[in-house]
Amino acid sequence: MKIGITCYPTYGGSGVVATELGIELAASGHEVHFITYSQPFRLTGREEGIFYHEVPVSNYPLFDFPPYSLALASRMCDVADYYKLDLLHVHYAIPHAISAYLAQQMLIKRGIHIPVMTTLHGTDITLVGADQSYLPITRFGIEESDGVTSISAYLKERTLKEFRVRKEIEVIPNFVNCDIYQPLGTEARAASRKRFAKEGESILVHLSNFRPVKRAPDAVLIFAEVARKMPAHLLLIGDGPDRSVAEWLAKRHNLQDRVHFLGKQNSVSELLPLADLMLMPSELESFGLASLEAMACRVPAIATNVGGIPELIDDGYNGRLCAVGDVDAMAAAALELLESPAKLEAMATAARATAQSKFCAQKIIPLYVKFYADVIGRTGSASNRAD
Ligand code: GMT
């Protein structure tokens, strides 16, 4: 199949999922065309079977707000026509589903029908889409898509309830490549941990875009409690609006030499296996991809009991779930595991087993391929074109 994929190419879960999906599809012989304003950050540009098409956005002075959605629609239309794509798959409803709809309508004028598929990721529904000013257009984008998937059952239910859409939504959970995200051998792990911690010291990790919904400052507060009781280090991977608050808290708790701000990192699969625990104290997660990536590396998460997280983490088995903002409970959960190596070991094993048995790329990619085939079969595709 020839698939056009559009996503936000910068740091964010939906862009990561879209990019990893493209990589996996190309690896299994499909042709993938990314259509975005910049190259998705996890692509090197050298992957076989993957093509990148930049969307140029005019900065004409008349435009106070450059019309990216329209530039994207034009580019989608031209790429779909020129490369004879079979399907456009957009990640994140706003504005991608609308741009794809426009491209689809333009293509019909050229005698080409190409189906559009939308994957809902979370904030497009819970934050952006639920904003009254975006709600009607988001609902329209969802209803006009030829196929809609959601990354968790939670997000599906929330979309149906809040948007009152009459649409089949299929749940296809997020995935991780368990061959790339995997534990390190004992010696390699011990050697790499020395970069941050001495022998016998624990390592905790938090990975996010530091937006308020991630509650990154809570990760520092949880860590401060842990560090009061035992020698430990916290790796903070990512960057964003709340980073300075996190820095301020680390300083206030006198933890500058224990909290390591690593900024945006391209190869998180090399850092995650160094940790003992992941901290994900988010206000809301529709899935919680960072925790899945950690779990695949044998690193269980202390997370919040919200959104789609319980579909990934089974409290007490492969991680721990606490109430949002309950820093004390999360610190206590972390300490209980760090002070009991046998418990931590069992949970780490369960975390990796969950990733492998339920969320591995090999299990999830075929669901997308089947969904594509069904949508194309149901709606007809570009291959029906006259030329
Ligand atoms: O959470 C963010 O700030 C980014 C956002 C995105 O769309 O890039 O993440 C959402 O999609 C991820 C990938 O499907 C999910 O793992 C996250 O849980 C989800 N975030 C929220 O629902 C807040």
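Preceding this section is the structure that the text describes.
Here we summarise the structure given alongside this text. (Residues numbered from 1 in each chain as written. Predicted model: local features only at pLDDT ≥ 70, side-chain atom pairs only at ≥ 80, totals over all residues. Heavy atoms only, no water.)

Digging into the site of the ligand
As a structural note, the neighbourhood of the ligand is formed by 19 residues, with Ser-14, His-121, Lys-214, Glu-285 and Ser-286 the closest of them. Within the backbone of Ser-14, a nitrogen or oxygen atom sits 2.8 Å from an oxygen atom of the ligand. Protein coverage of the free-state accessible area of the ligand, which is 490 Å², stands at 96%. Of all the cavities here, the one that holds the ligand is the largest pocket. Broken down by element, the residue count for the shell around the ligand peaks at 3 residues, all from helix α1 (residues 13-27). Counted by class, the shell around the ligand contains 6 nonpolar, 10 polar and 3 charged residues. Both of domain 1 (2-175 + 361-384) and domain 2 (186-359) provide at least three residues apiece to the shell around the ligand. (Near = heavy atom within 4 Å. Polar contact = N/O pair within 3.5 Å; in protein donor to acceptor, adjacent residues only side chain to side chain. Areas by Shrake-Rupley, 256 points an atom, 1.4 Å probe, with all protein chains shown as cover. 1 Å grid on protein atoms, 1.4 Å probe; cavity = no way out; pocket = protein on both sides within 12 Å on 5 of 7 lines; lining within 4 Å. Sits in = over half its atoms within 2 Å of the grid points. Helix = DSSP H or I, 4+ residues; strand = E, 2+ residues; numbered from the N terminus. Nonpolar A, V, L, I, M, F, W, Y, C, P; charged D, E, K, R; others polar. Domains from an automatic or database assignment.)

Digging into the layout of surface pockets
What the largest pocket holds in volume is close to 1,000 Å³. Of all the elements, α1 adds the most residues to the lining of the largest pocket, at 5 residues. Here the lining of the largest pocket is composed, by residue class, of 23 nonpolar, 20 polar and 7 charged. Of the residues that make up the lining of the largest pocket, three or more belong to each of domain 1 (2-175 + 361-384) and domain 2 (186-359). Its volume calculated, the second largest pocket comes out at about 610 Å³. Taken together, 24 residues make up the lining of the second largest pocket; nearest its centre are Arg-189, Arg-193, Asp-276, Leu-344 and Glu-345. Every element with two or more residues in the lining of the second largest pocket is listed here: α7 (186-193) and α13 (341-358). Here the residues of the lining of the second largest pocket sort into 12 nonpolar, 3 polar and 9 charged. (Points joined across faces, edges and corners; volume = space filled by probe spheres on them.)

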